Amino acid sequence: MSILVVGSVAIDSVKTPFGERKEALGGSATFFSVAASFFNKVNIIATVGEDFPKKYVTIFKNRGIGTKGLHVVRGGKTFRWKGWYDYDLNTAHTVYTHLNVFKDFKPEVPKPLRKTKFLFLANIDPALQYSVLKQMARPNLIALDSMNYWIEHKRKDVERLLDKIDILLLNDAEVRHFTGESNLFLAARLIISMGPKAVIIKKGEHGVIYFSKDSRFVAPAYLLESLRDPTGAGDTFAGGMMGYLSRAGKMDEANIRKGIIYGSILASFAVEDFSVNRLLEISFEDINERYRHFKKITKF
Ligand code: AMP
């Protein structure tokens, strides 16, 4: 059961109180696919420019991530995002977002991938997310992520996706921005009334809350000694969760909860270093060790 993701593949420049990286590998589809690749085969639909370093494509290839849907635009420039964080690592401050090749991107899902059962519409222009969704036979699970940038610029496009998906993932600030409701419980209810079967609210270092029509689950973030760059934590979370679910078979409450924990564990590794660096160092045993420890420290 492979996974398909559409999202940004980017070159990020990021500054945090713990250091700075220029022109590093980033993007929502990147973090997602590296995390999900611990569990299953992932294929990316995205676009980059001719300036996209070959060594970054090699990173995908070395992890078995499918790049047939990664379109390279001759003479084009790759999507670039620059941001910084101060000691409140929950808030990213954007310096610029250069869509570049994403401005004219018309995603095409290669025919053999149209029946993929797990689809992640990672953060990117919701019109592109919609176009990918339209090309698919109904997957077993469709999850969607977005952000303030798109809620502000393309709200209608975000809204029309909601009754076509299973799980919406947003952070707490985005949920409040999107619904105009400060109480997250009420906001989640409002979102569910707009279509998705469930909503996952990401609260950074405070973990996540899962709401569906008739259940709720609360998971803390894994306690970390060192944290250097929170960029991509949300996408990594989604990659861990969907990766696990694509392996688990049944999409029942117990597996969804385990998926949320795996997502949180993967995100905890991602934030320990810049870009996807830490994710590239760890093994599946490292993930499982943290999973067992997570169980221990949340048991009562
Ligand atoms: P996250 O920290 O999980 O919200 O995701 C960070 C990643 O999102 C970075 O690697 C950026 O390249 C990417 N990103 C930032 N802004 C956008 C945007 N407007 N659309 C798509 N991806 C974005």
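In this report, the structure presented in the accompanying data block is examined. (Residues numbered from 1 in each chain as written. Predicted model: local features only at pLDDT ≥ 70, side-chain atom pairs only at ≥ 80, totals over all residues. Heavy atoms only, no water.)

**Section: the sheet that holds strand 2 (residues 10-16)**
So, step 1. Strand order in this open sheet of four strands is 3-2-6-7, and the pairing throughout is mixed. Pairing within the sheet leaves two strands with one partner each, and these edge strands are strand 3 (19-26) and strand 7 (93-98). Averaged over neighbouring strand pairs, the angle between their axes works out to 10° when direction is ignored.
So, step 2. Pairing of strand 6 (residues 80-84) with strand 7 involves five bridges; the strand directions are antiparallel. If you follow Lys82 over to strand 7, its bridge partner there is Tyr96. (Pairing = 2+ DSSP bridges. Helix = DSSP H or I, 4+ residues; strand = E, 2+ residues; numbered from the N terminus. Axes fitted to C-alpha atoms, helices over the stretch in contact; angles between N-to-C directions.)

**A look at the packing of helix 9 (residues 253-270) against helix 11 (residues 284-298)**
So, step 1. Closest axis-to-axis distance for the helix 9/helix 11 pair is 10 Å, and the angle between their directions is 115°. When you trace helix 9 past helix 11, the crossing you get is right-handed. Contacts between helix 9 and helix 11 involve Lys258, Ile261, Tyr262, Ser264, Ile265, Leu266, Ser268 and Phe269 from the first element and Asp286, Ile287, Asn288, Arg290, Tyr291 and Phe294 from the second.
So, step 2. Classifying every residue of the contact of helix 9 with helix 11 gives eight nonpolar, three polar and three charged. (Left-handed = near helix turned anticlockwise from the far one by under 90°. Contact = heavy atoms within 4.5 Å. Nonpolar A, V, L, I, M, F, W, Y, C, P; charged D, E, K, R; others polar.)

**Let's talk about helix 2 (residues 54-62)**
So, step 1. Listing the buried residues of helix 2 in full gives Tyr56, Ile59 and Phe60. Each buried residue of helix 2 sits inside an arc of 95° when the element is viewed along its axis, so together they form one side. Exposed residues on helix 2 whose side chains face more than 90 degrees from its buried face are Lys54, Lys55, Lys61 and Asn62.
So, step 2. Check the buried side of helix 2 and you find it contacts strand 3, helix 1 (28-36), strand 4 (42-49), strand 5 (66-73) and helix 10 (277-281).
So, step 3. A positive phi of about 75° marks Gly64, the residue just after helix 2. (Buried < 20%, exposed > 50% of the residue type's maximum accessible area, 1.4 Å probe, protein only. Arc of directions from axis to C-beta.)

**Points about the layout of surface pockets**
So, step 1. Roughly 250 Å³ of volume is contained in the second largest pocket.
So, step 2. Taken together, Phe217, Val218, Ala219, Pro220, Ala254, Arg257, Lys258, Ile261, Tyr291, Phe294, Lys295 and Thr298 make up the lining of the second largest pocket.
So, step 3. Those elements giving two or more residues to the lining of the second largest pocket turn out to be strand 13 (216-219), helix 9 and helix 11.
So, step 4. Tallied by class, residues from the lining of the second largest pocket come to eight nonpolar, one polar and three charged. (1 Å grid on protein atoms, 1.4 Å probe; cavity = no way out; pocket = protein on both sides within 12 Å on 5 of 7 lines; lining within 4 Å. Points joined across faces, edges and corners; volume = space filled by probe spheres on them.)

**With respect to the nonpolar core**
So, step 1. Val9, Phe32, Phe120, Leu121, Ile200 and Ile260 are the most contacted members of the largest nonpolar core, which has 104 residues in total.
So, step 2. When residues in this core are grouped by element, the largest group, nine residues, is from helix 9.
So, step 3. When sequence neighbours within four positions are dropped, the list of residues in contact with Ile200 reads Ile167, Leu168, Leu169, Leu170, Val208, Ile209, Tyr210, Phe237, Met241 and Ile260. (Core = buried A, V, L, I, M, F, W, Y, C linked by side-chain atoms within 4.5 Å.)

**Considering the site of the ligand**
So, step 1. Near the ligand you find 19 residues, and of these Ser8, Asp12, Gly27, Gly232 and Asp235 are the closest.
So, step 2. Contact between the ligand and Asp12: an oxygen atom at 2.4 Å from a side-chain N or O atom of the residue.
So, step 3. At 2.7 Å from an oxygen atom of the ligand is found a main-chain nitrogen or oxygen belonging to Gly232.
So, step 4. In the complex, 88% of the free accessible area of the ligand, which totals 500 Å², lies under the protein chains.
So, step 5. Elements with a minimum of two residues in the shell around the ligand: strand 2, helix 4 (148-153) and helix 8 (233-248). (Near = heavy atom within 4 Å. Polar contact = N/O pair within 3.5 Å; in protein donor to acceptor, adjacent residues only side chain to side chain. Areas by Shrake-Rupley, 256 points an atom, 1.4 Å probe, with all protein chains shown as cover.)

**A look at the environment of Asn255**
So, step 1. Mapped onto the secondary structure, Asn255 falls in helix 9.
So, step 2. Between the C-alpha atom of Asn255 and that of Thr30, which follows or precedes it by 225 residues, the distance is 24 Å.
So, step 3. Once residues within four sequence positions are removed from consideration, Asn255 is found in contact with Tyr244, Leu245, Ala248 and Lys250.

**Some thoughts on the sheet that holds strand 12 (residues 208-212)**
In a beta sheet, neighbouring strands are held together by backbone hydrogen bonds and run either parallel or antiparallel to one another.
So, step 1. Taken in spatial order, the nine strands make up an open sheet running 5-4-1-8-9-10-11-12-13, and their pairing is mixed. What marks the edges here is a single partner per strand, and that holds for strand 5 and strand 13. When strand polarity is set aside, the average angle formed by the axes of neighbouring strands in this sheet is 15°.
So, step 2. Bridge analysis of strand 8 (residues 118-121) against strand 9 (residues 141-145) gives four bridges, and the strand direction is parallel. Looking at strand 9, one finds that Phe118 is bridged to Leu141.
So, step 3. Contacts between helix 8 and the sheet are confined to strand 1 (3-6), strand 8, strand 9, strand 10 (167-171), strand 11 (198-202) and strand 12, with strand 8 contributing the most and set at about 170° to the helix.

**Re the environment of Trp150**
So, step 1. Locating Trp150 in the fold gives a position in helix 4.
So, step 2. On the accessibility criterion, Trp150 (5% relative accessible area) is buried.
So, step 3. With 140 residues separating them along the chain, Trp150 and Ala10 place their C-alpha atoms 17 Å apart.
So, step 4. The contacts of Trp150, once residues within four sequence positions are left out, are Leu99, Asn123, Ile124, Asp125, Pro126, Arg155 and Val158.

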